Amino acid sequence: MNQEKKIESLEEFRHRTEGFSRDSLPWQGEFWTNPNLTGKVDGQGGMKEYCGNTVVFLLDEECIDRLRHIQEVL
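I will try to describe carefully the structure that is included in this document. Think of each chain on its own: its residues are numbered from 1, step by step along the sequence as written. The predicted origin of the model limits local features to residues at a pLDDT of at least 70 and limits the giving and counting of side-chain atom pairs to 80 or more, whereas totals for whole chains, interfaces and linings rest on all residues. With hydrogens and water stripped out, all remaining heavy atoms of the structure feed into the side-chain values.

A short note on the overall build of the protein
- Each helix and strand counted, the protein has two helices and zero strands in total.
- Here the protein, with 74 residues, has 3% of them falling under the buried criterion.
- For accessible areas, the Shrake-Rupley method is used with a probe of radius 1.4 Å. Any residue's cover is judged against the shown protein chains and nothing else. For the protein, the accessible area works out to roughly 7900 Å², and carbon and sulfur atoms hold 54% of it. Secondary structure counts use DSSP, requiring at least four H or I residues in a row for a helix and at least two E residues in a row for a strand, with both numbered from the N terminus. The cut-offs for exposure are 20% and 50% of the maximum accessible area for each residue type, with area from a 1.4 Å probe on protein chains only; residues under the lower value are buried, those over the upper are exposed, and the others partly exposed.

This is how it looks when you write it as structure tokens:
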């Protein structure tokens, strides 16, 4: 069975996700880390021993530095 997956355009992506993605972050108040994450990652960003399912993205140093700057600003 040949199932080619069509890559959607940015406009198609926005149309598909606008109903839920706009409300996924708080409009007012503080933005904080989910407390459950602290059971998986330490304060310096290192992975703790953890048994279960989670998603991890490995980032290069430039990206880590940029995200660190964003965290400091927030």
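Thoughts on the pattern of salt bridges
- Salt bridge, as used here: a side-chain nitrogen of Lys or Arg that lies within 4 Å of a carboxyl oxygen of Asp or Glu. Scanning the model with the defined rule gives two salt bridges in all.
- Residue Arg16 pairs with Glu8 through a salt bridge whose shortest N-O separation is 2.7 Å.
- The partner of Arg68 in a salt bridge is Asp65, and the shortest N-O contact between them spans 3.2 Å. Pair noted here: Arg68 and Asp65 are both in helix H2 (residues 61-73), with a separation of three residues, about one helical turn.
- A residue is classified by how much of its surface remains accessible, and Asp65, at 43% relative accessible area, is partly exposed.

Some remarks on the environment of Lys40
- In this structure, Lys40 sits in the loop between helix H1 (10-21) and H2.
- By relative accessible area, which is 16% here, Lys40 ends up buried.
- C-alpha of Lys40 to C-alpha of Gly52: the two residues are twelve residues apart in sequence and 9.7 Å apart in space.

Observations regarding a nonpolar patch on the surface
- Only residues whose relative accessible area exceeds 30% and that take part in no salt bridge are eligible for patches, with like-charged residues grouped when within 9 Å of each other and nonpolar side chains (Val, Leu, Ile, Met, Phe, Trp, Tyr) grouped when within 5 Å. Judged by side-chain polarity, Phe57, Leu59, Leu67, Ile70 and Leu74 come together as a nonpolar surface patch covering roughly 560 Å² of accessible area.
- Locating Leu59 in the fold gives a position in the loop between H1 and H2.

Don't take any of this as a statement about function, it's just geometry.
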